[in-house]
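# Chains, contacts and geometry: an overview
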Amino acid sequence: MPELEARGLVHVYRDSGVRALDGVDLRVAPGERVAIIGQNGSGKTTLVRHLNGLLRPTEGRVTIGGEDASGMTVAQLASRVGLVFQDPDRQIFSSSVTAEVEFGPRNLGRRGERLRASVARALVAAGLADDGEANPYDLGGSRRKLLALASVLAMETDVLVLDEPTTGQDARGVERVREVVEEVTTEGRTVIAISHDMRFVAETFRRVVVMREGRIVLDGTPDEAFAHESWETLSSTYLEPTLAARIGHRLGLGPTPTDEGLIAALAARGRTAQ
Amino acid sequence: MSLALRGVGYRYPGVAVPALLDVDLHLGSGEVVGVTGASESGKTTLCLVVSGLAPRVVGGRIRGTITLDGESVDDWPMHRLAGRVGIGFQDPTSQLSQVAVTVFEEVAFGPMNLGVARDAIVERTWEALGTLRIEGLAERDPRRLSGGQQQLVAMAGLLAMRPAHLVLDEPTAQLDPAGTRLVAEAVERLAEGGASILITEQKTDLLASVADRVVVLRDGRFALDGPTDEVLADPRLIELGVREPAPLRLRRLAATAGVDPALLQPAADA
Amino acid sequence: MAGRERLTRASHSGLPEWLGRPGPSAYHRLNPLTKATLATVTAVAAVALGGLVGPALLVIGAVLIPAVAAGVLGRLLRLSLLLALPIAISAFLVNLFFFPGGRTELLRIGPIVATAEGLGFALEILARILAISGAVTLFYLTTRPSDLVLDLERRGVSPRIGFVANASVQAVPAMVERAVQITAAQRARGLDTEGSPLRRARGILPIVGPVILGSIAEVEERTMALEARAFGRPGRRTLLWAPHDTAAEGVVRWLLLAGLLVLVVARLAGVGP
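Treat the numbers as computed from the prediction; the structure is a model and nothing was measured.

## Let's talk about the overall build of chain B
Summing up its helical and strand segments, chain B has ten helices and ten strands in all. Computed over its C-alpha atoms, the radius of gyration of chain B comes to 19 Å, within 12% of the 18 Å expected for a compact globule of 270 residues. Judged by the C-alpha coordinates and their principal axes, chain B covers about 65 × 45 × 30 Å. The buried share among the 270 residues of chain B stands at 63%. Counting contacts in chain B only where the partners sit at least 6 residues apart, residues at least 24 apart contribute 65% of the total. Here chain B displays about 9,600 Å² of accessible surface, and carbon together with sulfur accounts for 49% of that area.

## Overview of the interface of chain A and chain C
Each side of the interface is counted separately: chain A has 22 residues, and chain C has 16 residues. Summed over both partners, the interface of chain A with chain C comes to about 1,700 Å²; 61% of that surface belongs to carbon and sulfur atoms. Of all residues in chain A, the largest losses of buried area upon contact with chain C belong to Arg90(A), Phe93(A) and Phe103(A), amounting jointly to 35% of the total for that side. Linking chain A with chain C are one salt bridge. At the boundary of chain A and chain C, one finds six residue pairs in polar contact (both at pLDDT 80 or more). Of all the elements in the fold, those that place two or more residues in the side of chain A that touches chain C are α2 (74-78), α3 (97-107) and α5 (141-153) of chain A.

## What to know about helix α5 (residues 145-154) of chain C
Residues and elements named next belong to chain C. Taking burial as the measure, the ten residues of α5 include seven buried ones, the bulk of the element. Inspection of α5 places Ser 146, Asp 147, Leu 148, Val 149, Leu 150, Asp 151 and Glu 153 among the buried residues, and these make up the whole buried set. Buried residues belonging to α5 abut α1 (32-49), α4 (116-142) and α6 (159-187). Positive phi shows up at Gly 156, right after α5, with a value of about 105°.

## Looking at the sheet that holds strand β1 (residues 4-12) of chain A
Residues and elements named next belong to chain A. Read across the sheet, four strands follow the order β2-β1-β4-β5 without closing on themselves; strand pairing throughout is antiparallel. Bordering the open sheet on either side are β2 (19-28) and β5 (67-68), each of which pairs with just one other strand. Here β1 pairs with strand β4 (residues 59-64) via five bridges, running antiparallel. Note on β4: the bridge partner recorded for Val 10 is Glu 59. Sheet contacts for helix α1 (residues 44-51): β1, β2 and β4; angle to β2, the most-contacted strand, approximately 55°.

## Side note on the domain arrangement of chain C
Taken domain by domain, chain C comprises domain 1 (31-143) and domain 2 (153-228). Just the C-alpha atoms count here: the centres of domain 1 of chain C and domain 2 of chain C sit 32 Å apart.

What counts and what doesn't
- Residues numbered from 1 in each chain as written.
- Chains lettered and ligands numbered in written order.
- Predicted model: local features only at pLDDT ≥ 70, side-chain atom pairs only at ≥ 80, totals over all residues.
- Heavy atoms only, no water.
- Helix = DSSP H or I, 4+ residues; strand = E, 2+ residues; numbered from the N terminus.
- Rg over C-alpha atoms; globule rule 2.2 N^0.38 Å.
- Buried < 20%, exposed > 50% of the residue type's maximum accessible area, 1.4 Å probe, protein only.
- Contact = heavy atoms within 4.5 Å.
- Areas by Shrake-Rupley, 256 points an atom, 1.4 Å probe, with all protein chains shown as cover.
- Buried area = accessible area lost by both parts, 1.4 Å probe.
- Salt bridge = Lys/Arg side-chain N within 4 Å of Asp/Glu carboxyl O.
- Polar contact = N/O pair within 3.5 Å; in protein donor to acceptor, adjacent residues only side chain to side chain.
- Pairing = 2+ DSSP bridges.
- Axes fitted to C-alpha atoms, helices over the stretch in contact; angles between N-to-C directions.
- Domains from an automatic or database assignment.

Pasting the structure below:
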């Protein structure tokens with residue numbers, strides 16, 4: 001599994017002149033779970049689109065397993081870095097769920113048993129195993145979003161990048177996404193996700209990267225990202241720590257970004273008090 | 001003023017399975033009813049039916065009775081209902097009229113269509129902008145605002161029609177945290193100001209802070225219906241595919257772990 | 001809103017003075033219908049007149065001079081040339097080399113011959129194309145589409161017609177943006193948009209499909225949002241303001257149209273060059 005690295009990444013959009021990335025350094029090891037957070041316009045989407053070559057850096061470079069991505073086409077990169085877009089309606093075109101999921105691996109040249117197996121696995125992972133024959137347009141918002149996820153999962157890339165995987169999802173959908181992230185990283189593959197959902201971020205990821213105005217302003221564990229010292233940085237990009245983190249700080253428990261963490265810390269304090 | 005649904009069922013055109021079944025709902029004056037439920041449980045359909053868009057614009061077949069202040073609205077055309085029940089949608093951009101070059105004209109669009117006198121339109125428009133605290137945007141081009149701001153403009157456009165009831169279908173679903181906060185605060189202010197609102201949301205934290213009552217949909221029926229605190233603390237919420245509000249989830253986890261939930265109380269407003 | 005006290009703020013009131021703010025120049029401030037009439041008359045007259053001198057005079061008198069007066073000459077030249085260039089080049093080349101009545105040889109490239117007659121005709125076509133694109137661009141640069149819609153509505157034209165026209169104009173950039181995003185999403189799934197023509201042809205459905213379906217869904221949403229704001233109500237809407245118009249401008253419009261009518265009839269009757 002390759003390491004993914006961005007060095008000195010600058011991106012200026014040619015038509016608008018907006019400097020969306022302003023010197024980003026990011027190194028992600030195989031098997032890592034990284035969440036990228038920050039308000040709209042902070043450069044998150046621009047950054048991840050560099051990872052599979054959809055955007056090319058104005059300055060700096062991206063390497064995958066030490067290899068310079070600038071020498072690879074998007075099609076070549078797509079076999080290594082899978083990117084799921086935020087809006088599933090901007091990619092679904094097939095008349096059946098299975099055909100939609102087959103599209104990506106077919107483009108990568110997969111056929112026969114390998115194709116069938118990867119599609120089946122992706123459908124199961126996304127919780128769509130019973131919907132293979134369904135027309136994607138008959139699925140509700142939550143399942144359409146999971147279909148988009150499955151269609152990239154089936155490409156079995158080393159790196160999986162998710163742009164806002166939980167927006168428009170119901171509770172089960174969010175849970176599904178979390179399971180997929182865990183499963184994929186257990187296999188040693190890398191997951192990088194953009195999210196606005198702080199509870200999902202705190203509970204699912206092991207590393208949190210905060211972006212503001214095209215730069216990384218914080219890069220650490222959820223404990224570090226949601227610790228009191230980071231609140232000012234978070235609010236400077238219109239983010240709020242989770243409720244558990246806020247309560248944990250008020251009660252002097254140190255960093256407790258997740259609900260479970262907060263309750264465990266409270267239980268531990270209760271025991272020492274007795 | 002009140003809006004009531006009795007035994008309402010609804011089918012989309014060309015679909016055999018009803019999307020809504022046996023719904024009884026009462027939206028009284030100044031009351032805020034939150035609606036939640038898993039994806040495909042019928043939340044949007046309920047909004048379309050309550051606003052009258054289904055079946056008038058969407059097509060399909062409806063059963064049961066819908067009344068406004070006791071009067072059946074069955075034979076009301078959409079433009080007549082529109083003056084009484086306003087509806088807002090998820091996507092802020094698709095709600096813009098596209099013909100207005102300023103926010104002021106965008107907000108005035110509804111009352112203009114209603115044929116309200118000019119002076120009254122001007123007054124209503126300023127009032128709606130003021131209620132949502134976006135007078136400062138009046139001169140701006142609505143197409144060049146952020147998603148959150150556009151959503152506020154869309155809500156102001158509804159308010160300017162002075163509806164007795166407001167239906168909001170997941171108004172924060174497509175917004176980032178900054179936009180979500182803007183809209184959530186606006187909804188809270190409207191609710192405090194006495195507006196009668198039916199609002200659907202996956203974000204139960206938002207419902208917890210604005211709704212008097214919450215209903216949870218499953219397969220087009222009301223699975224839960226009651227005061228906000230009771231419904232959002234109901235253990236069946238998880239199996240209904242609804243995310244627990246953060247404070248309630250903490251309290252439940254505390255109880256399971258043998259931690260006194262009261263410990264969380266003084267800090268809950270942190 | 002019913003029930004409790006309404007949240008009213010009285011910090012602002014009255015019709016904002018910037019609403020329908022007059023344009024920066026006297027030409028901008030003409031009534032939109034006058035400017036639309038000028039553009040139409042210029043374009044049709046250029047075609048009807050033919051030749052080189054007529055369209056050239058029209059370009060100078062009805063496009064360039066007003067553009068200078070309106071202070072938009074630079075943008076007008078850039079935009080109208082951009083608009084006309086593809087058609088102009090192809091029309092110019094086709095006529096230069098393939099004009100049927102061509103006798104006088106100017107240049108020979110292999111089997112193709114450029115003729116003097118072809119050159120003359122090509123220049124005439126060019127003059128007409130430039131007059132049309134110039135007239136249209138001048139109108140576009142000095143008039144907000146919504147002002148024309150309001151003006152027509154005041155004159156009794158259904159707002160739906162103006163709305164549909166306006167919305168279709170605005171739909172184009174939205175569709176282009178959608179296609180760009182969809183292409184990116186499909187390329188991320190390994191769709192080859194750079195390979196051989198055959199490979200690229202296979203990439204059409206995954207891009208065009210979501211573009212069309214997405215546009216339909218958006219139209220449905222927009223329709224619902226409009227109906228929910230009483231757009232379907234029969235009868236006239238209340239207008240907050242309407243573009244300025246004068247009796248003199250009305251006379252000018254009728255004179256322009258009458259002049260155009262005379263010209264067209266005269267040309268049909270065979271008068272002129």
